[in-house]
Amino acid sequence: MLFLALETSCDETAAAVFTGDLAILSSVVASQTALHAPFGGVVPEIASRAHLRNLLPVIDEALRRANVTLAEVGCVAVHNSPGLVGALLVGVSAAKMLAVALGVPLIGVNHVAAHIYACRLAAGRDIFPCVGLVVSGGNTALFRCDTPLSLELLGNTRDDAAGEAFDKVAAILGLGFPGGPNVEREAKLGDPKAYAFPRAFSDDARLEFSFSGLKTAVLYACHGQNVTKATPPPAGPKRADLAASFQAAVVEALTLKCKQALRQTKLTRLAVGGGVSANQALRSALSAMCAKEGAELIIPPLDLCTDNAAMAALAVEKYRRGEFADADLDAQPNFL
Amino acid sequence: MLPLTIGLADPAATDALGVALGERLFAGAVVALDGQLGAGKTRLVRAVAAGLKVRNLAAVNSPTFVLIQEYAARLPIAHFDAYRLGSAREFAELGVGEYFEAGGVCLVEWAAKVADVLPADRLTVTLTVTGPDSRLAVLTAGGPTHAALLAELAAALNSTPSG
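In this report, the structure presented in the accompanying data block is examined.

Criteria and thresholds
Residues numbered from 1 in each chain as written. Chains lettered and ligands numbered in written order. Predicted model: local features only at pLDDT ≥ 70, side-chain atom pairs only at ≥ 80, totals over all residues. Heavy atoms only, no water. Helix = DSSP H or I, 4+ residues; strand = E, 2+ residues; numbered from the N terminus. Buried < 20%, exposed > 50% of the residue type's maximum accessible area, 1.4 Å probe, protein only. Contact = heavy atoms within 4.5 Å. Areas by Shrake-Rupley, 256 points an atom, 1.4 Å probe, with all protein chains shown as cover. Lys, Arg positive; Asp, Glu negative; His and termini not counted. Charge placed at Lys NZ, Arg CZ, Asp CG, Glu CD. Buried area = accessible area lost by both parts, 1.4 Å probe. Salt bridge = Lys/Arg side-chain N within 4 Å of Asp/Glu carboxyl O. Polar contact = N/O pair within 3.5 Å; in protein donor to acceptor, adjacent residues only side chain to side chain. Nonpolar A, V, L, I, M, F, W, Y, C, P; charged D, E, K, R; others polar. Pairing = 2+ DSSP bridges. Axes fitted to C-alpha atoms, helices over the stretch in contact; angles between N-to-C directions. Core = buried A, V, L, I, M, F, W, Y, C linked by side-chain atoms within 4.5 Å.

Overview of the overall build of chain B
Scanning chain B from N- to C-terminus turns up 5 helices and 7 strands. Along chain B, helices and strands appear, N-terminal first, in the series β-α-β-α-β-β-α-α-β-β-β-α. Across its three principal axes, chain B shows a C-alpha extent of roughly 40 × 35 × 30 Å. In chain B, which comprises 163 residues, the proportion classed as buried is 55%. A separation of at least 24 residues holds for 65% of the contacts in chain B among residues at least 6 apart in sequence. Here chain B has roughly 6100 Å² of accessible surface; of this, 57% comes from carbon and sulfur atoms. In chain B, 12 side chains carry a positive charge and 15 a negative one; their mean positions are 5 Å apart.

As for the interface of chain B and chain A
When the parts come together, some accessible area is lost, and that loss is often what is quoted as the size of the interface. Listed as interface residues are 33 residues of chain B and, on the opposing side, 34 residues of chain A. Summing the contributions of chain B and of chain A, the shared interface buries around 2800 Å²; its carbon and sulfur component is 57%. On the chain B side of the interface with chain A, the three residues burying the most area are L37(B), F65(B) and R84(B), jointly 23% of the side's total. Between the two partners, chain B and chain A, sit 2 salt bridges. R49(A) is the partner of E93(B) in a salt bridge, and the nearest nitrogen-oxygen pair spans 3.1 Å. The tally of links from chain B across to chain A stands at 13 residue pairs in polar contact (both at pLDDT 80 or more). At the level of elements, α2 (41-51), β3 (68-71), α3 (88-93) and β6 (123-129) of chain B are the ones that each hand at least two residues to the side of chain B that touches chain A. Counting residues per element, the side of chain B that touches chain A draws most heavily on α3(B), at 3 residues. Looking at the side of chain B that touches chain A residue by residue, the class counts come to 14 nonpolar, 11 polar and 8 charged.

What about the sheet that holds strand β1 (residues 2-7) of chain A?
Residue and element names in this part refer to chain A. Spatial ordering of the open sheet is given by β3-β2-β1-β4-β5, a layout of 5 strands whose pairing is mixed. The two strands at the open ends of the sheet, each matched to only one other strand, are β3 (24-30) and β5 (106-110). Adjacent strand axes in the sheet meet at a mean angle of 20° when their direction is disregarded. Where β1 lies against strand β4 (residues 73-81), 5 bridges are found, and the strand directions are parallel. If you follow L6 over to β4, its bridge partner there is V78. On the sheet, helix α3 (residues 85-102) packs against β1, β4 and β5 and is oriented at approximately 160° with respect to β4.

Considerations on the nonpolar core
If you look at the biggest cluster of nonpolar residues, it comprises 111 residues, and the most contacted ones within it are F246(A), L25(B), F80(B), F91(B) and L139(B). Tallying contributions element by element places helix α8 (residues 237-265) of chain A first for this core, with 12 residues. In this structure L25(B) touches V31(B), V48(B), L52(B), R74(B), L75(B), V105(B), L107(B) and L149(B), once residues within four positions along its chain are discounted. By size, the runner-up hydrophobic cluster in this structure holds 36 residues, among which are A5(A), L22(A), V109(A) and C130(A).

Written as structure tokens, this is what we have:
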């Protein structure tokens, strides 16, 4: 039994082919990151139009790499929530059309739940129940995941997502796009203790995040009272120290809230998804914390962390339960 | 109508302004928010949403990545963020016009980047960083319905409009 899955929730157009026993036969992502770079992180073209242009070639490539034909597909899956509604609709409409044309069932998958499920794919075995952290450009949230399909929100960010904070601090420091890797590289040259940046909610049990105050603190440490007419600082020890201290604050805040979530839920597994989990400092800190707490840490390889369609293999769980979507499957922009 | 200038001594003052504004927003209201990174735009939006009795405050955060977020509240809230957009045309192509006509409340971060496609009759809030915790808010009405809102807000906050 073969599944074809589509992902168009935000910037990436992606398709994947996998089997009913979770073997990923292909996973294709038409990354626009290279296109974004010259524009400093600005979307060069509206996502939905880019998805329209990319989707059919990406599907063809996914089928080709899996060495299967469209006629062999037995189920079509699509991320239908959350995301930008116009972007989601491209994938949802294409998935519906394919399901009808092929006469096969359609399954709608939650993109955030799929990020956690990527850990199940990477582990190659059941990982539930677990605490799930989804940390990316669009999300920074903790969940209690009793099953692959039941996500209970433990805490969310009040303002910026962690990946967004990396991008915006990269802009403040003049480090360009993509912010995550650039700040991480700069941080390696600096002292993470040079600046005492705030860790929001570090002294209470609330499982919430806030990175906006941190952004302002970086702005002030960088420019002092001249924040309103600030230009990025030149390369040098100060810039490196700012990057290192910023990254340390984000990593510590994420790690602390994961530790609190493990303790509060009494669960012993932490599954981490989303593009920020590529950050090595975060991986090391989570790894050390989990070792100390006696918990197991699961972080997938990079291509399963960032937005992709393979993680929509969560559809296999829904297929087993007979949870199929009707022809009126809608794009649901809201996360909560 | 003259702009309304409000000194915000700390984040709590930003919250108070946002709640007072949210309580007074009407169907079709458009609030444009400007100010540099870290000025407090998203924080103000959270407070406006709280003033609008948003059903789930935990859902209200920065839409920078996803561009548009919607929240259920006393009036439906559409929360836009133009930070990543290159032009007003791109913003228009997201279908934002439909939101302006939908009878909810539209809150637009980084509005100056897309001012050309915003309704002229709107409330513009510009936040300026004046210290690590303090901000200056300048509120400007672009047309009659939002001028009435601004007058009401000024009276409620017991401030005097000033140039």
